[in-house]
Amino acid sequence: MSEPTGVTAAQGFRAAGIAAGIKKSGRADLALVVNDGPRTEAAGVVTRNKVKAAPVLWTQQVLTYGALRAVVLNSGGANACTGPEGFRTAHATAEKVAEVLGCGAVEVGVCSTGLIGDQLPRDTVLAGVQKAAGELAATPEAATAVATAIMTTDTVPKQAHVTDPAGWTVGGTTKGAGMIAPSMATMLTVLTTDAVVERPLLDAALREAVRYSFDRLDVDGSMSTNDTVLVLASGASGVPADPAVFTAALTRVCRDLAEQMQADAEGVTKRITVRVTGAASEDDAVTVARTVARDSLVKTAMFGSDPNWGRIAAAVGCADAQIDPERLDVTINGVLLCKGAVVAGDRADCDLSGEDVTIEVELGLTGGADGNTAEIRTTDLSHAYVEENSAYSS
């Protein structure tokens, strides 16, 4: 048996991933994650896009009760911009899960990913739920099946887990390779824990974890209609979690998953970290880092392995943040190229031949004090990214 990871790494969870027939390719496309308790606390964060998919609207509603027995996820169709019929499909899917598990529909979260605008084949989805329920298992293989079933343009399944010395575990899976920008990504994430965690702590810990992980990943500036991150707590370990320790563990798992999404981003040839220090505030640091990370000229320069610090300086100047050009420094992969907004080093000394690039922007407004620093992870803008997204609907 494989090493425990993903959604079944924590005690109290079973999972299944199957080919229900939603995808014409015949690949796996439906997953079910079940919390067997004894507790069913849950929390979630969804997209800030004002155009929300039907499953997001459903899941927002059920999260107000603070408990989930299960999450059902499908790829092969976003069920977004599908009107009342799409919401009825999301509702019917939750009801089918409730029927096979013997719980209420309000205890079931629903997530979908894929092309926007098409109705999901409801009968196919419901039959898939029945099939998945019959294959539920608390094994690493079942967790990997879930991670595989939710993939769209992903090339590899994404899973992570952390076990605390106190005896509880946090595990999770995600999907996402493009349309990645806060809130989160075109991503579905399910996190599980067997720690004894009260719902207010679970909610606060998730929001903190998302803030420093998924919300700091910005591949292409496009915000999805379907973003959903859910955390389910079974309490099966019987061990109460220290709030700070639990939040740190949850953040670690989310950061791991976010880094996996960055590494598997559509068309990626460079994994870029934009680090801003010395900002007037943390919000300003995030704003500047995100502005640089989203800039098409910066991204294309990185694709071409060109240490063009001028493009970075120009992007910084566009940010809605406090900037003093005379204090602006830019360093790329450890080579100081710009100091006080003028040339300071030889571009030939900057090696961009590898896959990892670190862009450091010092704003010089607070001496890089704690709380005024931020990192955004992004990728380059490659030929492959354009080709893949130009053909996505086909």
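Identification of the protein as Arginine biosynthesis bifunctional protein ArgJ from Pseudonocardia kongjuensis is taken from an unreviewed UniProt entry. Annotation of the protein in UniProt includes, under Subcellular location (unreviewed entry), the sentence "Cytoplasm".

(A) Seen up close, the overall build of the protein. The helix and strand inventory of the protein stands at 10 helices and 15 strands. Taking 394 residues into account, the globule formula puts the C-alpha radius of gyration at 21 Å, and the protein, at 22 Å, falls close to it. In terms of overall dimensions, the protein has C-alpha extents of about 65 × 50 × 40 Å along its principal axes. By the burial criterion, 56% of the 394 residues in the protein qualify as buried. Partitioning the contacts of the protein with sequence separation of at least 6, the portion at a separation of at least 24 is 80%. Accessible area for the protein stands at about 14,900 Å²; split by element, carbon and sulfur atoms hold 50% of it.

(B) Quick peek at empty space enclosed by the protein. Per the stated rule, a full pass over the model turns up 1 cavity of 30 Å³ or more. Considered as a void within the structure, the largest cavity measures approximately 70 Å³ in volume. Looking at the largest cavity, it is lined by 13 residues, and the ones nearest its centre are Asn74, Thr93, Val110, Ser112 and Val125. Elements with a contribution of two residues or more to the lining of the largest cavity: strand E4 (70-74), helix H2 (83-101) and strand E5 (108-112).

(C) Seen up close, the sheet that holds strand E12 (residues 335-339). Pairing is mixed across the open sheet formed by 6 strands, whose spatial order is E13-E12-E11-E14-E10-E15. With one partner strand each, in any of the chains shown, strand E13 (342-343) and strand E15 (374-379) form the two edges of the open sheet. As paired strands, E12 and E13 are joined by 2 bridges and run antiparallel to one another. The residue bridging Cys338 from the neighbouring strand is Val343, located in E13. Each of strand E10 (271-277) and E15 touches helix H6 (residues 243-263); the most contacted strand, E15, lies at about 35° to it. The sheet strands contacting helix H8 (residues 296-303) are E10, strand E14 (356-362) and E15, and the helix crosses E14 at an angle near 140°.

(D) How the structure looks around the packing of aromatic side chains. Throughout the structure, instances matching the rule amount to 2 aromatic pairs. The interplanar angle of 55° and the centroid separation of 5.6 Å between the aromatic rings of Trp168 and Phe246 together place this pair among those described as tilted. Taken as a pair, Trp168 in the loop between strand E6 (158-163) and strand E7 (169-175) and Phe246 in helix H6 lie far apart in primary sequence, 78 residues in all.

(E) Seen up close, unusual backbone geometry. Backbone torsion omega between Gly37 and Pro38 reads 25°, so that peptide bond is classified as cis. When you line up the elements, Pro38 lands in the loop between strand E2 (30-35) and strand E3 (41-46). We note that Asn79 has phi near 50°; this positive angle belongs to a residue other than glycine. Topologically, Asn79 is positioned in the loop between E4 and H2. In this model, Asn333 sits at a positive phi of 45°, which is unusual for a non-glycine residue. Locating Asn333 in the fold gives a position in the loop between strand E11 (329-332) and E12.

(F) Inspection of the environment of Gly102 at higher detail. As for its placement among the helices and strands, Gly102 is situated in the loop between H2 and E5. The exposure class assigned to Gly102 is exposed, which follows from its relative accessible area of 67%. On a C-alpha basis, the gap between Gly102 and Arg69 in space is 10.0 Å, while along the polypeptide they are 33 residues apart.

(G) Representation of H2 in the model. The terminal C-alpha atoms of H2, which comprises 19 residues, lie 28 Å apart, in line with the 27 Å expected from a rise of 1.5 Å per residue. For H2, the set of buried residues is Gly86, Thr89, Ala90, Ala92, Thr93, Ala94, Lys96, Val97, Ala98 and Leu101. Buried residues along H2 sit in contact with E2, helix H1 (54-63), E4, E5 and helix H3 (122-133). Just downstream of H2, Gly102 is the residue with a positive phi angle, here 75°.

(H) Broad picture of the nonpolar core. If you look at the biggest cluster of nonpolar residues, it comprises 46 residues, and the most contacted ones within it are Leu30, Leu32, Leu68, Val71, Val72, Leu73 and Val97. If we skip the residues at most four places from it in the chain, Val71 touches Ala31, Leu32, Val33, Gly109, Cys111, Val190, Leu230 and Leu232. Membership of the second largest hydrophobic core comes to 35 residues, among which are Ile312, Ala315, Ala319 and Ile376.

(I) Spotlight on the packing of helix H7 (residues 282-294) against helix H9 (residues 309-318). At their nearest, the axes of H7 and H9 sit 8 Å apart, and the two run at 130° to each other. One finds that H7 runs oblique with respect to H9. Here H7 runs over H9; the crossing is right-handed. Between H7 and H9, the contacting residues are Val288, Thr291 and Val292 on the first element and Ile312, Ala315, Val316 and Cys318 on the second. Partitioned by chemical class, the residues of the contact of H7 with H9 number 6 nonpolar, 1 polar and no charged.

(J) Region of the structure containing the pairing of E10. Burial analysis of E10 places 5 of its 7 residues in the buried class, which makes it a mostly covered element. Summarising the sheet, E10 and E14 pair through 7 bridges and their orientation is parallel. Paired with Val274 across the two strands is Ile359, which belongs to E14. Relative to E15, E10 runs antiparallel, the two being bridged by 6 bridges. Within E15, the residue paired with Ile272 across the bridge is Thr378.

Cut-offs used in this document
- Residues numbered from 1 in each chain as written.
- Predicted model: local features only at pLDDT ≥ 70, side-chain atom pairs only at ≥ 80, totals over all residues.
- Heavy atoms only, no water.
- UniProt positions renumbered as here; feature names shortened; annotations may be inferred.
- Helix = DSSP H or I, 4+ residues; strand = E, 2+ residues; numbered from the N terminus.
- Rg over C-alpha atoms; globule rule 2.2 N^0.38 Å.
- Buried < 20%, exposed > 50% of the residue type's maximum accessible area, 1.4 Å probe, protein only.
- Contact = heavy atoms within 4.5 Å.
- Areas by Shrake-Rupley, 256 points an atom, 1.4 Å probe, with all protein chains shown as cover.
- 1 Å grid on protein atoms, 1.4 Å probe; cavity = no way out; pocket = protein on both sides within 12 Å on 5 of 7 lines; lining within 4 Å.
- Points joined across faces, edges and corners; volume = space filled by probe spheres on them.
- Pairing = 2+ DSSP bridges.
- Axes fitted to C-alpha atoms, helices over the stretch in contact; angles between N-to-C directions.
- Phe/Tyr/Trp six-rings, centres within 6.5 Å; stacked < 30°, edge-to-face > 60°.
- Expected span 1.5 Å × (residues − 1).
- Core = buried A, V, L, I, M, F, W, Y, C linked by side-chain atoms within 4.5 Å.
- Parallel < 35°, antiparallel > 145°, perpendicular 65-115°, else oblique.
- Left-handed = near helix turned anticlockwise from the far one by under 90°.
- Nonpolar A, V, L, I, M, F, W, Y, C, P; charged D, E, K, R; others polar.

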